Amino acid sequence: MASFGKWIGGGLGWALGGPIGGILGFVFGSIFDSMQSGQYEHKGFTPTQEGDFKVSLLVMIAAIMKADGRIMKSELEYVKRFLLGQFGEQEAERLLLLLREILRQDLDVDEICEQIQENMEYPSRLQLVHFLFGVAAADGEPHAAEADLLKRICLHMGIRQKDFDSIKAMFIRDTGSAYRILEISPDASDDEVKKAYRKMALKYHPDKVAHLGEDVQKAAKEKFQQLNQAYNEIKQQRGFN
């Protein structure tokens, strides 16, 4: 338990304040019988720490799992496999322990998202949304309640509509998905396609989230590969290099 406290405590900054901090207070109180929390005052923007990001991810995952009013054992299994695939066995066990306690709490999604928007830089928020779509689509396409909640989450986290549509298109594929991933329409010129790709490559580059740790950067590389796949698909359709 002591090592668990060191792991999470050492990686938290702004997440110890606001509504997320309130949730963590109950969670830590449940996990640790004798833990006293001090006051935390956030003063201006600080770069997102790895612990802040992962705690935010867990809180948002919990909100999605509770979106339809019930938590299924199958959903926990999906999330367990997701965390295992993204973060490895040891980290997944720690995160799952936290998640189980967070699921017991009442979550004010709007306030939590606003705290994340205030304290988390935009590229990290985009990666967070990408993770959430991965969880929601773990058993197929997101259910209606989950899809509605994802829209609400993005609205309150300040995610632009085109960015939301781009990430969504990576998980819900149809004939126009490649264009939506690049945030352009099918009638865009070849030059506009190339320009859009360069712009998105900068936006989704894994180095943007390197400070969040190797696990998150690895996931960002997978998202970057999906961008490349969409671009290659369009190039093949149009026959240009």
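Everything discussed here concerns the structure shown above.
A short tour of the structure in this document, coming up. These numbers were taken from a predicted model, which means no experiment stands behind them.

### What about the overall build of the chain?
Consideration 1: When you go through the chain residue by residue, the secondary structure sums to 12 helices and 0 strands.
Consideration 2: Reading the helices (α) and strands (β) of the chain from amino to carboxyl end gives α-α-α-α-α-α-α-α-α-α-α-α.
Consideration 3: Here the chain holds 241 residues, and the buried ones make up 49% of them.
Consideration 4: Taking the intrachain contacts of the chain between residues at least 6 apart in sequence as the baseline, contacts between residues at least 24 apart amount to 76%.

### Digging into the environment of Arg180
Consideration 1: By secondary structure assignment, the location of Arg180 is in helix α10 (residues 177-181).
Consideration 2: Each C-alpha atom, one on Arg180 and one on Lys162, is 7.9 Å from the other, the two residues being 18 residues apart in sequence.

### Examining the nonpolar core
Consideration 1: Formed by 78 residues in total, the largest nonpolar core has its most connected members in Ile61, Leu83, Leu99, Ile116, Ile153, Leu182 and Leu227.
Consideration 2: Top element by residues in this core is helix α3 (residues 50-65). It accounts for 11 residues.
Consideration 3: When near neighbours in sequence (up to four residues on either side) are disregarded, Leu227 contacts Ile181, Leu182, Tyr197, Met200, Ala201 and Tyr204.

### Considering the pattern of salt bridges
When charged atoms on two side chains of opposite charge get close, those side chains can pair.
Consideration 1: Counted according to the given criterion, the structure contains 12 salt bridges.
Consideration 2: For Arg160, the salt bridge identified is with Asp163, shortest N-O distance 3.5 Å.
Consideration 3: Residue Arg160 is classed as partly exposed on the basis of its relative accessible area of 49%.

### A word on the environment of Ser166
Consideration 1: Mapped onto the elements of the fold, Ser166 is located in helix α9 (residues 161-171).
Consideration 2: Distance from Ser166 to Tyr179, taken between C-alpha atoms, is 8.5 Å for residues 13 residues apart in sequence.
Consideration 3: The contacts of Ser166, once residues within four sequence positions are left out, are Arg180, Ile181, Glu183, Met200 and Tyr204.
Consideration 4: A polar contact is formed between the side chain of Ser166 and the side chain of Tyr204, at a distance of 3.1 Å.

### A few points about the side chain of Gln217
Consideration 1: Here Gln217 lies in helix α12 (residues 214-238).
Consideration 2: Aside from chain neighbours lying at most four places away, what touches Gln217 is Pro206, Asp207, Val209 and Ala210.

### Focus on the packing of aromatic side chains
Consideration 1: If you walk through the whole model with that rule in mind, you get 7 aromatic pairs.
Consideration 2: Judged by centre distance (5.9 Å) and plane angle (45°), the ring pair of Phe87 and Phe131 falls under tilted. Of the two residues, Phe87 is situated in helix α4 (residues 73-87) and Phe131 in helix α7 (residues 122-136); the sequence distance between them amounts to 44 residues. One exposure class covers both Phe87 and Phe131, and it is buried.
Consideration 3: Arranged with centres 5.5 Å apart and planes meeting at 55°, the rings of Phe133 and Phe164 form a pair that is tilted. Of this pair, Phe133 sits in helix α7 while Phe164 is found in helix α9, placing the two residues 31 residues apart along the sequence.

### Here we look at the environment of Leu57
Consideration 1: Relative to the assigned elements, Leu57 resides in helix α3.
Consideration 2: Measuring from C-alpha to C-alpha, the distance between Leu57 and Arg125 comes to 9.8 Å, with 68 residues separating the pair along the chain.
Consideration 3: When near neighbours in sequence (up to four residues on either side) are disregarded, Leu57 contacts Phe87, Leu128, Phe131 and Leu132.

### Structural notes on the packing of α4 against α7
Consideration 1: Where α4 contacts α7, the two axes come as close as 10 Å, and the packing angle between them is 140°. Between α4 and α7, the crossing angle belongs to the class labelled oblique. Between α4 and α7 lies a crossing of right-handed hand. Where α4 abuts α7, its residues Val79, Phe82, Gln86 and Phe87 lie against Phe131, Gly134 and Val135.
Consideration 2: Its residues placed into classes, the contact of α4 with α7 shows 5 nonpolar, 2 polar and no charged.

Criteria and cut-off values
Residues numbered from 1 in each chain as written. Predicted model: local features only at pLDDT ≥ 70, side-chain atom pairs only at ≥ 80, totals over all residues. Heavy atoms only, no water. Helix = DSSP H or I, 4+ residues; strand = E, 2+ residues; numbered from the N terminus. Buried < 20%, exposed > 50% of the residue type's maximum accessible area, 1.4 Å probe, protein only. Contact = heavy atoms within 4.5 Å. Core = buried A, V, L, I, M, F, W, Y, C linked by side-chain atoms within 4.5 Å. Salt bridge = Lys/Arg side-chain N within 4 Å of Asp/Glu carboxyl O. Polar contact = N/O pair within 3.5 Å; in protein donor to acceptor, adjacent residues only side chain to side chain. Phe/Tyr/Trp six-rings, centres within 6.5 Å; stacked < 30°, edge-to-face > 60°. Axes fitted to C-alpha atoms, helices over the stretch in contact; angles between N-to-C directions. Parallel < 35°, antiparallel > 145°, perpendicular 65-115°, else oblique. Left-handed = near helix turned anticlockwise from the far one by under 90°. Nonpolar A, V, L, I, M, F, W, Y, C, P; charged D, E, K, R; others polar.

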